[in-house]
Amino acid sequence: METSTKQDKLLFFGITFAALAAFTFIINYVNPIIDFSIEYVFLLAIIMAGIITILKFDLGKITEKYKNINPYLISGIIWSILAIMKWLKYLNKDNFDWIIASIFTIVAIINWLGYFKKSDK
């Protein structure tokens, strides 16, 4: 059984942050993004290192806590939000977004049907 201490987590976070900060700095130096300053590079690296550290060490605790949640609910919400965003973009006179909006809507409907079908049992 693998155990991890706070020092292990901090060390992993530090190494991950340093690697990601260097990687994003090199990418921004080679191909600079307008109005993307060094503060944003380090902020992005901190957020990504935090997410990677949480997934590495605490994923078991997170999945155990939410094991009883129906996965169709989360998926249905995400696809519905994406479909609404695409329909709003289409209504603002963007010609080809109706195809993607229709596909997102169909996927959202399928997920919501799966959620309601599974929640009735």
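All of these numbers come straight from a predicted model, not from anything done at the bench.

Each value, and the rule that gives it
- Residues numbered from 1 in each chain as written.
- Predicted model: local features only at pLDDT ≥ 70, side-chain atom pairs only at ≥ 80, totals over all residues.
- Heavy atoms only, no water.
- Helix = DSSP H or I, 4+ residues; strand = E, 2+ residues; numbered from the N terminus.
- Rg over C-alpha atoms; globule rule 2.2 N^0.38 Å.
- Buried < 20%, exposed > 50% of the residue type's maximum accessible area, 1.4 Å probe, protein only.
- Contact = heavy atoms within 4.5 Å.
- Areas by Shrake-Rupley, 256 points an atom, 1.4 Å probe, with all protein chains shown as cover.
- Axes fitted to C-alpha atoms, helices over the stretch in contact; angles between N-to-C directions.
- Parallel < 35°, antiparallel > 145°, perpendicular 65-115°, else oblique.
- Left-handed = near helix turned anticlockwise from the far one by under 90°.
- Nonpolar A, V, L, I, M, F, W, Y, C, P; charged D, E, K, R; others polar.
- Expected span 1.5 Å × (residues − 1).
- Phe/Tyr/Trp six-rings, centres within 6.5 Å; stacked < 30°, edge-to-face > 60°.
- Lys NZ or Arg CZ within 6 Å of the ring centre and 35° of its normal.

### Notes on the overall build of the chain
When helices and strands are counted, the chain shows four helices and zero strands. When the helices and strands of the chain are read in sequence order from the N terminus, they spell out α-α-α-α. Against the globule reference of 14 Å for 121 residues, the chain gives a C-alpha radius of gyration of 21 Å, more extended than a compact globule. Along the longest, intermediate and shortest principal axes, the C-alpha atoms of the chain span 45 × 45 × 15 Å. For the chain, the residues scored as buried account for 17% of the 121 residues in total. Of the contacts made within the chain by residues no fewer than 6 positions apart, 65% connect residues no fewer than 24 positions apart. With the model as given, the accessible surface of the chain reaches about 9,800 Å², and the carbon-plus-sulfur share is 71%.

### Details of the packing of helix α3 (residues 71-91) against helix α4 (residues 97-119)
It is the contact of α3 with α4, at a shortest axis distance of 8 Å, that shows an interaxial angle of 155 degrees. Here α4 runs roughly antiparallel to α3, going by the angle between their axes. Crossing geometry of α3 relative to α4 is assigned as left-handed. When its residues are assigned to classes, the contact of α3 with α4 shows 17 nonpolar, seven polar and four charged.

### Quick notes on the environment of Ile-47
With respect to the helices and strands, Ile-47 occurs in helix α2 (residues 38-65). Residues Ile-47 and Ile-99, spaced 52 residues apart in sequence, show a C-alpha to C-alpha distance of 34 Å.

### Description of α4
Given 3.6 residues per helical turn, the α-helix brings residues three or four places apart onto the same face. Over its 23 residues, α4 extends 32 Å from the first C-alpha to the last, a length consistent with the 33 Å expected when each residue adds 1.5 Å. Looking only at α4, the buried set comprises Asp-97, Ala-101, Phe-104, Ala-108, Asn-111, Gly-114 and Tyr-115. Buried residues along α4 sit in contact with α3.

### Some thoughts on the environment of Leu-44
Structurally, the position occupied by Leu-44 is in helix α2. Each C-alpha atom of the pair Leu-44 and Phe-17 lies 9.5 Å from the other, and the pair is 27 residues apart in sequence. If near-sequence neighbours (up to four positions away) are discounted, Leu-44 is found in contact with Thr-24 and Phe-36.

### Some points on helix α1 (residues 6-30)
Taking 1.5 Å per residue, 25 residues should reach 36 Å; α1 reaches 36 Å between its end C-alpha atoms and fits that length. Taken together, the buried positions of α1 are occupied by Thr-16, Leu-20, Ala-21, Thr-24 and Asn-28.

### Re the packing of aromatic side chains
Throughout the structure, instances matching the rule amount to nine aromatic pairs. Taking 5.9 Å as the distance between ring centres and 75 degrees as the angle between the ring planes, the aromatic pair formed by Trp-87 and Tyr-90 counts as edge-to-face. Of this pair, Trp-87 and Tyr-90 both sit in helix α3, separated by three residues, roughly a single helical turn. Both rings, one in Trp-112 and one in Tyr-115, keep their centres 6.0 Å apart while their planes meet at 85 degrees; by these two values the pair is edge-to-face. Residue Trp-112 and its partner Tyr-115 are located together in helix α4, separated by three residues, close to a single helical turn. Under the relative-accessibility criterion, Trp-112 is labelled partly exposed at 25%. Put simply, the rings of Phe-13, Phe-17 and Phe-42 touch in pairs and so form one group of aromatic residues. Positioned over the ring face of Phe-12 is Lys-56, at 5.7 Å from the centre of the ring.

The values are spatial; any link to function lies outside them.
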